[in-house]
Amino acid sequence: MLYRFLGFLAICVSVCCASALAQESKEVIRNQNSSEVKPPDGGDWSDLFNGSNLDGWQQRNGWAVYQIEDGAIVGTTAKDSPNSFLCTTKDYADFELKFEVMVNDALNSGVQIRSKSLPERDSGRVHGPQVEIEATGGTAGYVYGESTGRNWISPSQPKHKAFKPGEWNQYHIRAKGNRIQTWINGTMIEDITDPLSHTTGFIGLQVHSVGADQGPFSVRWRNIAVR
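Summary of the structure given here. This one's a predicted model, so the numbers in the text were calculated from it and none came from an experiment.

1. Comments concerning the overall build of the chain
Point 1. When helices and strands are tallied, the chain shows 1 helix and 16 strands.
Point 2. Burial status across the chain gives 42% buried among its 227 residues.
Point 3. In the chain, of all internal contacts separated by at least 6 residues, the share reaching a separation of at least 24 is 65%.
Point 4. Total accessible area on the chain is roughly 11700 Å²; 51% of this is exposed by carbon and sulfur atoms.

Structure below.
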């Protein structure tokens, strides 16, 4: 009887441990000791934007205006429009993305990675991880769950000054497996393991909605490349 009890207890402990591990695996974890990691260098990059037209991109949701000025994609808010997204027509799984961005101080924006637009989900509303773009709040580069119900995917958002208002800012994003890393102007902002998001999807340039009496505001992207 004692041996049976000990065997039963061992099974219970094993099940509990497995359950705890399974629960743990569904949590977003900020990877430690990575603040000194520099953006990966070298390798072959492919342009996502050719500087002259929007081949390879399509607009989803909203009616913000996307146009090309001086070799940059300029997204401008539109009255009463919901969030708008200019999305790649191709999906990406493991990749690195780099671009330069300048945003109006009053506008919140972002870049979607591994995102989806599904007819059966909120009539195709774009959803997925978004790397934050904003000039003055100190949260640029953290990861938000656009239309996922998760709010911030980044566990916390310590304020920083890596993003320079009124200037072109260099972003570097690396997505490999469940790991997402971001840098702004060479400074690492985020390094998380996120087991809940899709591991493949499109890249999208967001123009956020604004109040009816606000704007128009613009955000600009240039030198967009992936590898």
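From this point, the discussion proceeds with the structure in view.
2. Describing empty space enclosed by the protein
Point 1. Tallied over the entire structure, the rule returns 1 cavity of 30 Å³ or more.
Point 2. A volume near 40 Å³ is recorded for the largest cavity.
Point 3. In this structure, the largest cavity is lined by Arg114, Pro129, Gly177, Asn178, Ile180, Asp194, Ser197, His198 and Thr199.
Point 4. For the lining of the largest cavity, the residue count by class is 2 nonpolar, 5 polar and 2 charged.

3. Considering the sheet that holds strand 11 (residues 151-152)
Point 1. If you trace the 7 strands from one edge of the open sheet to the other, you get 3-6-15-8-9-10-11, paired in antiparallel fashion. The open sheet terminates on both sides in strands that have one partner only, identified here as strand 3 (57-60) and strand 11.
Point 2. Two strands pair when backbone bridges link them, and strand 6 (residues 84-88) and strand 15 (residues 202-207) are joined in this way by 4 bridges, in the antiparallel orientation. Counterpart to cysteine 87 in the pairing with strand 15 is glycine 204.

About the cut-offs
Residues numbered from 1 in each chain as written. Predicted model: local features only at pLDDT ≥ 70, side-chain atom pairs only at ≥ 80, totals over all residues. Heavy atoms only, no water. Helix = DSSP H or I, 4+ residues; strand = E, 2+ residues; numbered from the N terminus. Buried < 20%, exposed > 50% of the residue type's maximum accessible area, 1.4 Å probe, protein only. Contact = heavy atoms within 4.5 Å. Areas by Shrake-Rupley, 256 points an atom, 1.4 Å probe, with all protein chains shown as cover. 1 Å grid on protein atoms, 1.4 Å probe; cavity = no way out; pocket = protein on both sides within 12 Å on 5 of 7 lines; lining within 4 Å. Points joined across faces, edges and corners; volume = space filled by probe spheres on them. Nonpolar A, V, L, I, M, F, W, Y, C, P; charged D, E, K, R; others polar. Pairing = 2+ DSSP bridges.

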